[in-house]
Amino acid sequence: MFSIHEDKALLDLLASIGEKPYRLKQIHQEFYKNLVLDFSEMTSLPAKLRESLASSVQTTDLTIDVTHRSEDGQTTKILLKTHDDRRIEAVIMRHLSGRTTLCISCQAGCPMACSFCATGTLGLERNLSVGEILDQITIAKTLLAKEQRELRNIVFMGMGEPLTNYDNVCEAIRILSDQKKWDFSSRRITVSTCGIAPKIVAFGREFPQVSLAISLHAPNDTARSDVMPVNKTYPLEVLMAALDEYVAITNKRVFYEYIMIAGVTDRLPYADELATLLAGRMAHVNFIPYNAWEGGAMRNYRPSSRVIIERFQKKLEEKGVPSTIRHTMGDDIAAACGQLARKHGTEDTKKDS
Ligand code: SAH
């Protein structure tokens, strides 16, 4: 079996059964535009072709294990199962403005081991394939179609580090934005990275319109290395040089994520250091109050108070650096940033009704 996203394999299959290459266009139309996942329902194709496709091609490799919807109805966490029995998660966020965002995973587990992140405790289980990355979109689109909702934004902010699964993430973005396929605007895609410096520049060259978010989380090497081991490989000087190059290539503002952990990342001198680091750079800072999970309790991690976050904001404002405070969604179903960690057999407490 191969994935429906593999055009070359589809064309080979068509040739092998004596079908014309234009059938590929019809398959694309049925799958990407009409969102038909079952080949037997692709009525624009001849019956025999539908049978051949059904026996060789998969429209999704992932299966839904369980979905959870938050009390307020805004967030749905989709727990997905891979063919080799791994669990990954995707999160739908229905914003009050009417926009809908999907947060997707690119790896089962994550190799980066950031101290505040639940996924980091799993280590890397494996990279997701191109098909598995795209399946999350197929599945979310199908759920949303039932609510007459369309996806507006896709963010690679689920499980995993996108720039350590570089080729598959790039190929997934190419397919996602292909005009003949989903034709999803690359301006509405955001890739978030902990700072794999050499790949940032390559990524900017390849996708100058895709938005880039950097998990910065601390303004100096000592503080950053304390919470993010990756900083030892790519310290701030190296990271910022890569980002300056990225901005020169793309002319795009970079989004900096800054996690606010009381007494750890929110010390007052850090506000000045952060403002100095980003002053004069094309930057927008998102403050994310730390989302609590079991592992953080051992380290005594707690979210910063609103007053402290606002003090940071003020310092940035004085130096002309714009910022927002990220509103947390879905924390009652453990779907908030950094809470995604599902090992096989983990019991969930609430089921979607
Ligand atoms: N590997 C990518 C994607 C990670 S998840 C990256 O590092 O950017 C998306 C965001 O959630 C990152 O900014 C991450 O640092 C943040 N995050 C992780 N754990 C968190 C937690 N417990 N509370 C708040 N944000 C968290």
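See above for the structure.
Residues numbered from 1 in each chain as written. Predicted model: local features only at pLDDT ≥ 70, side-chain atom pairs only at ≥ 80, totals over all residues. Heavy atoms only, no water.

Draft legend 1. Here's a closer look at the site of the ligand. By nearness alone, 20 residues border the ligand, and Phe116, Ser192, Ser215, His217 and Asn291 come closest of all. With respect to the ligand, the side chain of Ser215 contributes an N or O atom lying 2.6 Å from an oxygen atom. Here the ligand loses 96% of its free accessible area of 540 Å² to cover by the protein chains. For the shell around the ligand, the secondary structure elements donating two or more residues are strand E10 (189-193), strand E12 (254-260) and strand E13 (283-289). The residue makeup of the shell around the ligand, split by class, is 10 nonpolar, 8 polar and 2 charged. (Near = heavy atom within 4 Å. Polar contact = N/O pair within 3.5 Å; in protein donor to acceptor, adjacent residues only side chain to side chain. Areas by Shrake-Rupley, 256 points an atom, 1.4 Å probe, with all protein chains shown as cover. Helix = DSSP H or I, 4+ residues; strand = E, 2+ residues; numbered from the N terminus. Nonpolar A, V, L, I, M, F, W, Y, C, P; charged D, E, K, R; others polar.)

Draft legend 2. A look at the pattern of salt bridges. Under the counting rule described, the total for this entry stands at 21 salt bridges. Residues Asp7 and Lys181 are paired through a salt bridge, measuring 2.9 Å at the closest nitrogen-oxygen approach. Here Asp7, found in helix H1 (residues 7-16), pairs with Lys181, found in the loop between helix H5 (166-177) and E10; they are 174 residues apart in sequence, far enough to count as distant. The closest approach of N and O atoms between Arg126 and Asp84, which form a salt bridge, is 2.8 Å. Pair noted here: Arg126 is in strand E8 (residues 124-127) and Asp84 is in the loop between strand E4 (75-81) and strand E5 (87-94), with a separation of 42 residues, a long-range link. Asp84 gets classed as partly exposed once you look at its relative accessible area, which sits at 31%. (Salt bridge = Lys/Arg side-chain N within 4 Å of Asp/Glu carboxyl O. Buried < 20%, exposed > 50% of the residue type's maximum accessible area, 1.4 Å probe, protein only.)

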